[in-house]
Amino acid sequence: MTILEAQQLTKTYRLGDREICVLDGVSVAVAEGEFLVIQGSSGSGKTTLLTLLSGLDKPTSGRILLEGIDITDFKEEELAPLRNTSIGFVFQSFHLVPSLTAIENVMFPAELRHDHDAEEKANILLRRVGLLDRAGNFPHQLSGGERQRVAICRALINNPKIVFADEPTGNLDSSNGKAILDLLLELQKERRATLILVTHSQEIARTSDRIIFLKDGRIAAHGLGSHQGGRDGFSEQHHVS
Ligand SMILES: Nc1ncnc2c1ncn2[C@@H]1O[C@H](COP(=O)(O)OP(=O)(O)O)[C@@H](O)[C@H]1O
Ligand SMILES: [Mg+2]
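Residue numbering note: each chain is counted from 1, following its sequence as written. For naming, the first written chain is A and the first written ligand is 1, with later ones following in the order written. Given that the model is predicted, a residue must reach a pLDDT of at least 70 before its local features are reported, and side-chain atom pairs must reach 80 or more before they are shown or counted; all residues, however, enter totals for whole chains, interfaces and linings. The side-chain quantities take in all heavy atoms of the structure and omit both hydrogens and water.

## Details of the sheet that holds strand β4 (residues 61-66)
Applied cut-off: DSSP-based pairing: two strands are paired if at least 2 bridges between them are found. Only DSSP runs of H or I covering at least 4 residues are called helices, and only runs of E covering at least 2 are called strands; the numbering of each starts at the N terminus. We call two residues in contact when some of their heavy atoms are within 4.5 Å. What counts as an axis is a line fitted to C-alpha atoms, over the stretch in contact for a helix, and the angles between N-to-C directions run from 0 to 180 degrees.
Ordered by their spatial adjacency, 4 strands build an open sheet running β2-β1-β4-β5, and the pairing between neighbours is antiparallel. The open sheet terminates on both sides in strands that have one partner only, identified here as β2 (18-31) and β5 (69-70). Bridge count between strand β1 (residues 2-15) and β4: 5 bridges; the pairing is antiparallel. Among the inter-strand pairings, glutamate 5 is bridged to a residue of β4, identified as leucine 65. Across the sheet, helix α1 (residues 46-53) lies against β1, β2 and β4, angled at about 125 degrees from β1, the strand it touches most.

## Comments concerning the site of ligand 1
Applicable threshold: Near residues are defined by distance, with any heavy atom within 4 Å of the molecule or strand qualifying the residue. Each polar contact in these results corresponds to two N or O atoms within 3.5 Å; when the atoms are within protein, one needs to be able to donate a hydrogen and the other to accept it, and residues that are neighboring in sequence are counted only if both atoms are side-chain atoms. Exposure was quantified through the Shrake-Rupley algorithm and a 1.4 Å probe, taking into account, for residues, occlusion by the shown protein chains and nothing else. Under the grouping applied here, Gly and all other residues not named as nonpolar or charged are polar, the nonpolar ones being Ala, Val, Leu, Ile, Met, Phe, Trp, Tyr, Cys and Pro and the charged ones Asp, Glu, Lys and Arg.
Near ligand 1 the following residues occur: Tyr13, Val22, Ser41, Ser42, Gly43, Ser44, Gly45, Lys46, Thr47 and Thr48. Here threonine 48 contributes a side-chain N or O atom positioned 2.6 Å from an oxygen atom of ligand 1. In the complex, the protein chains occlude 61% of the 570 Å² of accessible area that ligand 1 would expose alone. Among the elements that make up the shell around ligand 1, the one with the highest residue count is α1 (3 residues). Of the residues assigned to the shell around ligand 1, the class counts are 2 nonpolar, 7 polar and 1 charged.

## Some points on the layout of surface pockets
As a reminder of what qualifies: Here a cavity denotes grid points, spaced 1 Å and computed from the protein atoms alone, that fit a 1.4 Å probe unable to get out, and a pocket denotes an open set having protein on both sides within 12 Å along at least 5 of 7 lines; residues with an atom within 4 Å of a point are the lining. Grid points are joined across faces, edges and corners, and a volume is the space filled by probe spheres set on the points.
Roughly 400 Å³ of volume is contained in the largest pocket. Taken together, 19 residues form the lining of the largest pocket, with Arg83, Asn84, Phe89, Pro109 and Arg154 sitting closest to its centre. For the lining of the largest pocket, the secondary structure elements donating two or more residues are α2 (76-85), β6 (87-90), α3 (102-112) and α5 (144-156). Classifying every residue of the lining of the largest pocket gives 11 nonpolar, 6 polar and 2 charged. Taken as a whole, the second largest pocket encloses approximately 190 Å³ of empty space.

## Considerations on the packing of α5 against helix α6 (residues 174-191)
Selection rule: Our angle categories are set so that under 35 degrees counts as roughly parallel, over 145 as roughly antiparallel, 65 to 115 as roughly perpendicular, and the remainder as oblique. Should the near helix be turned anticlockwise from the far one by less than a right angle, the crossing is left-handed, and should it be turned clockwise, the crossing is right-handed.
Their axes nearest at 10 Å, the elements α5 and α6 cross at an angle of 15 degrees. With respect to their mutual orientation, α5 and α6 come out roughly parallel. For the element pair α5 and α6, the recorded crossing hand is right-handed. Residues Gly145, Gln148, Arg149, Ile152 and Leu156 of α5 touch α6, and the partners they reach there are Asn176, Ile180, Leu183, Leu184, Leu187 and Arg191. Of the residues that constitute the contact of α5 with α6, the class distribution is 6 nonpolar, 3 polar and 2 charged.

Read these as geometric descriptors, not functional statements.
Here is the structure:
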């Protein structure tokens with residue numbers, strides 16, 4: 001079943017009298033439970049695509065369907081609860097609230113929806129990622145890898161159907177980065193969530209269900225991860241003209 005569908009998305013920015021076309025007709029359908037990797041060089045539109053797919057920003061044209069419902073024209077007050085419960089987001093630079101402790105950061109999205117089990121759920125997640133003993137620490141007292149583990153807990157506390165992660169290991173060294181990606185994948189499988197991940201890691205991309213490559217705002221190629229039988233992302237590429 002398709003959980004998320006983008007139809008002919010375009011995004012243009014106006015800079016003075018110049019129009020910059022960042023996305024130029026991107027269509028993609030994501031299946032429930034799928035692990036989709038998005039790759040492409042810097043500036044190819046990966047972050048822009050994630051912000052449109054997750055409802056953080058509006059496309060210039062095209063449609064976005066979440067569970068078959070066209071959310072393209074949803075107003076902020078309709079999008080906010082969707083973003084809080086159906087979607088989890090993990091950013092490259094963590095985006096934790098500096099004045100809140102680790103557990104308060106994790107609980108935050110659950111408290112927004114008045115979940116009485118917020119603290120219990122946060123504790124379960126922090127234990128799962130090995131940070132229960134750091135629950136009372138503020139972000140500045142944690143390492144980069146620890147902060148990202150807290151951010152992953154926060155993204156998962158409402159049991160979202162779709163988790164978006166935009167280069168979540170970009171600010172971490174490679175061994176920390178690998179551990180974070182492995183953790184994210186384990187949690188996705190445990191919770192049967194759909195994962196849409198931007199990463200440069202070929203090793204991780206190979207374990208995905210599907211890879212899409214963005215180039216100049218278009219999908220330049222599709223590849224299959226090893227998960228669905230392809231030996232690697234490149235050998236199974238189908239170039240789209
Ligand atoms: N708010 C904005 N205003 C103008 N240009 C933007 C804006 N956001 C992104 N861009 C431009 O869009 C292009 C794609 O950016 P981005 O989606 O961040 O790429 P990626 O994540 O693949 O590196 C870049 O050229 C960037 O400068
Ligand atoms: Mg980016």
